Amino acid sequence: MSASPALDHIEAGPHGHHYTTTGLDSRKIAVWAFIGSECMLFASLISTYLIYKGRSVVGPFPHEACNPPVCATALKPILNIPVTSASTFVLLMSSLAMVLALAAVENRDVPKYSLSDRILGSSKLWLWVTCILGATFLGFQSYEFTSFVHEGLSIRTNLFGSSFFTLTGFHGAHVTAGVIWLGTLLAIDYKRGLGPGDAINVDIAALYWHFVDVVWIAIFTLVYLIK
Amino acid sequence: MAHNDPAPRGGHGTPDSHAAGGAHAAAHDAHAHPTWKQYKWVALILTLITVVEVWVYYIPSFTRTKLFVPSLLIMSAVKFAIVVMFYMHLKYDARLFRALFTGPLIIAVVTLISLMFLFGHIAIRLAS
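Cut-offs and rules
Residues numbered from 1 in each chain as written. Chains lettered and ligands numbered in written order. Predicted model: local features only at pLDDT ≥ 70, side-chain atom pairs only at ≥ 80, totals over all residues. Heavy atoms only, no water. Helix = DSSP H or I, 4+ residues; strand = E, 2+ residues; numbered from the N terminus. Rg over C-alpha atoms; globule rule 2.2 N^0.38 Å. Buried < 20%, exposed > 50% of the residue type's maximum accessible area, 1.4 Å probe, protein only. Areas by Shrake-Rupley, 256 points an atom, 1.4 Å probe, with all protein chains shown as cover. Lys, Arg positive; Asp, Glu negative; His and termini not counted. Charge placed at Lys NZ, Arg CZ, Asp CG, Glu CD. Contact = heavy atoms within 4.5 Å. Buried area = accessible area lost by both parts, 1.4 Å probe. Salt bridge = Lys/Arg side-chain N within 4 Å of Asp/Glu carboxyl O. Patch = residues over 30% accessible without salt bridge, like charges linked within 9 Å, V, L, I, M, F, W, Y side chains within 5 Å. Polar contact = N/O pair within 3.5 Å; in protein donor to acceptor, adjacent residues only side chain to side chain. Phe/Tyr/Trp six-rings, centres within 6.5 Å; stacked < 30°, edge-to-face > 60°. Lys NZ or Arg CZ within 6 Å of the ring centre and 35° of its normal. Expected span 1.5 Å × (residues − 1). Axes fitted to C-alpha atoms, helices over the stretch in contact; angles between N-to-C directions. Parallel < 35°, antiparallel > 145°, perpendicular 65-115°, else oblique. Left-handed = near helix turned anticlockwise from the far one by under 90°. Nonpolar A, V, L, I, M, F, W, Y, C, P; charged D, E, K, R; others polar.

A.B. asks: It is not clear to me how the overall build of chain A should be interpreted in this structure. Could you clarify?
C.D. replies: When helices and strands are tallied, chain A shows seven helices and zero strands. The C-alpha atoms of chain A give a radius of gyration of 22 Å, which is well past the 17 Å a tight globule of 227 residues would have. Summarising its shape, the C-alpha atoms of chain A cover approximately 75 × 45 × 25 Å along the three principal directions. Split into buried and exposed, the 227 residues of chain A put 55% on the buried side. Total accessible area on chain A stands at roughly 9300 Å², and carbon and sulfur atoms take up 68% of it. Measuring between centres, the 13 positive side-chain charges of chain A sit 8 Å from its 14 negative side-chain charges.

Spelled out as structure tokens, the structure:
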């Protein structure tokens, strides 16, 4: 308890959460500030990619074929749009699963009478779906990186390779961290169950996950689709 | 969760979502989150926009026009805004969260555009 009764509710909320003088949860403020800083990190990486775009002296190139003498052998455009489109869809669907996981945690105490209510109200199910879709996205990215290396593009090949692998690699690292984070939530859910009191923890993880999704929305357009 | 029940849920970044007390001005900014049906529609719209993005990529006559890049940027911006507003609940959450996100986002976008003018293809085009 604080010295002033007026500040009592600021120190600890009904679930032991600590609120700031704004009346908002300090952890949620922190995660939004973190997301804001991440916006600037990814903007710098995307800027670097766009500035170096089209300035590679040697191939392979993202959207153009590379023929001798620029390349030792004829090379096709390296970006695989169908595969990346599929991985984009997977990440978008993982965001849907994440909001359903959060809704399930928030409404855990609401009685569920029908089978569809029980399915939609299962936080374990939606956390599993989100984790699996996140891991699938990482699988697509691993396939893409491996195929690029086999086709002669590494981080050291040219400016495109350096900026592309740095940008998408950073994003992939964020997705990996997100999958691990969701895995810990899943473990807690199995151990003691996630209830409305844990909604703030799931909400923070969800915000991070959706941020990873919106970054990919920008990358997909700026890197893959714009020629 | 009752998927047919549009019962609103409180924003859980605020004291109001946990208890009736905690009458703070900022807490009044927290509103109900979208329902399952809205989430479903949002997912459908995001998928459709992605399909259109990929579809226009494969139209050679369109990719050669000046409309190609702006149309992709607009579709991407719409998808970005939809996810942020509905999935990240920024449309329903406190104004401070909006400021914490949009402030750095504006700085990031302005920096990106400035760098493109200084060093990118736009700079090359203006110089030539």
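So much for the structure itself; the text now carries on.
A.B. asks: What should I look at first to understand the interface of chain A and chain B in this one?
C.D. replies: When the parts of a complex come together, some accessible area is lost, and that lost area is often taken as the interface size. Contacts between chain A and chain B engage 65 residues on the former and 57 residues on the latter. Together, Leu24, Trp32 and Leu225 of chain A form the three largest contributors to the area buried by chain A at its contact with chain B, with a combined 12%. Linking chain A with chain B are one salt bridge, by the criterion used here. Taking the shortest distance from any N to any O, the salt bridge between Asp93 of chain B and Lys28 of chain A comes out at 2.8 Å.

A.B. asks: How should a nonpolar patch on the surface be read in this particular structure?
C.D. replies: On the surface, a nonpolar cluster with roughly 410 Å² of combined accessible area is contributed by Trp41, Leu44, Ile45 and Leu48 of chain B. Of note, Trp41 of chain B is situated in helix H1 (residues 36-57).

A.B. asks: Can you walk me through the side chain of Ser163 of chain A in this structure?
C.D. replies: Residues and elements named next belong to chain A. Inspection of the secondary structure puts Ser163 in helix H6 (residues 159-191). A relative accessible area of 6% places Ser163 in the buried class. A polar atom in the side chain of Ser163 sits 2.8 Å from the backbone oxygen of Leu159. Beyond its immediate chain neighbours, meaning those up to four positions away, Ser163 contacts Thr48, Tyr49 and Tyr52.

A.B. asks: Is there a simple way to explain unusual backbone geometry in this structure?
C.D. replies: Trans peptide bonds make up the majority, and among non-glycine residues the majority have a negative phi. Residues and elements named next belong to chain B. A positive phi angle, near 60°, is found at His89, a position not held by glycine. Counting through the fold element by element, His89 comes out in the loop between helix H3 (68-87) and helix H4 (95-119). His89 sits in the buried class, given a relative accessible area of 1%.

A.B. asks: Explain the packing of aromatic side chains to me, please; I cannot follow it from the model alone.
C.D. replies: Within a pair of aromatic rings, the relevant descriptors are the distance that separates the centres and the angle that separates the planes. For the structure shown, the criterion picks out 21 aromatic pairs over all chains. The interplanar angle of 80° and the centroid separation of 5.0 Å between the aromatic rings of Phe137 of chain A and Trp216 of chain A together place this pair among those described as edge-to-face. On the criterion of sequence distance, the pair formed by Phe137 of chain A in helix H5 (residues 123-150) and Trp216 of chain A in helix H7 (residues 199-225) is long-range, its members being 79 residues apart. One exposure class covers both Phe137 of chain A and Trp216 of chain A, and it is buried. Judged by centre distance (5.4 Å) and plane angle (45°), the rings of Trp181 of chain A and Tyr208 of chain A are tilted. One end of the pair, Trp181 of chain A, is in helix H6; the other, Tyr208 of chain A, is in helix H7, and 27 residues separate them in sequence. Assessed through its relative accessible area of 6%, Tyr208 of chain A is described here as buried. One aromatic cluster is present, built from ring pairs that chain together Tyr49, Phe137, Phe145, Phe148, Phe160, Phe164, Phe165, Trp216, Phe220 and Tyr224 of chain A. Over the ring of Tyr190 of chain A we find Lys124 of chain A, and its NZ or CZ is 5.4 Å from the ring centre. Seen from the ring of Tyr57 of chain B, Lys227 of chain A lies directly overhead, with NZ or CZ sitting 4.4 Å from the centre.

A.B. asks: What should I look at first to understand H3 of chain B in this one?
C.D. replies: Residue and element names in this part refer to chain B. The end-to-end C-alpha separation of H3 is 28 Å, in line with the 28 Å expected for 20 residues at 1.5 Å each. Residues of H3 that are buried: Phe68, Leu72, Met75, Ser76, Lys79, Phe80, Ile82, Val83, Val84, Phe86 and Tyr87. Following H3 by one or two positions, His89 has its phi on the positive side, about 60°.

A.B. asks: Is there a simple way to explain the packing of helix H2 (residues 26-52) of chain A against H4 of chain B in this structure?
C.D. replies: The description of two packed helices rests on the angle between their axes and on the distance between the axes. At a minimum axis distance of 9 Å, the contact between H2 of chain A and H4 of chain B shows a crossing angle of 10°. One way to sum up the angle between H2 of chain A and H4 of chain B is to call them roughly parallel. Taken as a pair, H2 of chain A and H4 of chain B cross one another with a handedness that is right-handed. In terms of residue class, the contact of H2 of chain A with H4 of chain B is made up of 22 nonpolar, two polar and one charged.

A.B. asks: I keep staring at the environment of Ala206 of chain A and nothing clicks. Help me out?
C.D. replies: All names here are of chain A. Topologically, Ala206 is positioned in helix H7. According to the relative accessible area criterion, Ala206 is buried, its value standing at 2%. Taking C-alpha positions, Ala206 is 40 Å from Ala65, a pair spaced 141 residues apart along the chain.

Purely geometric numbers; function is a separate question.
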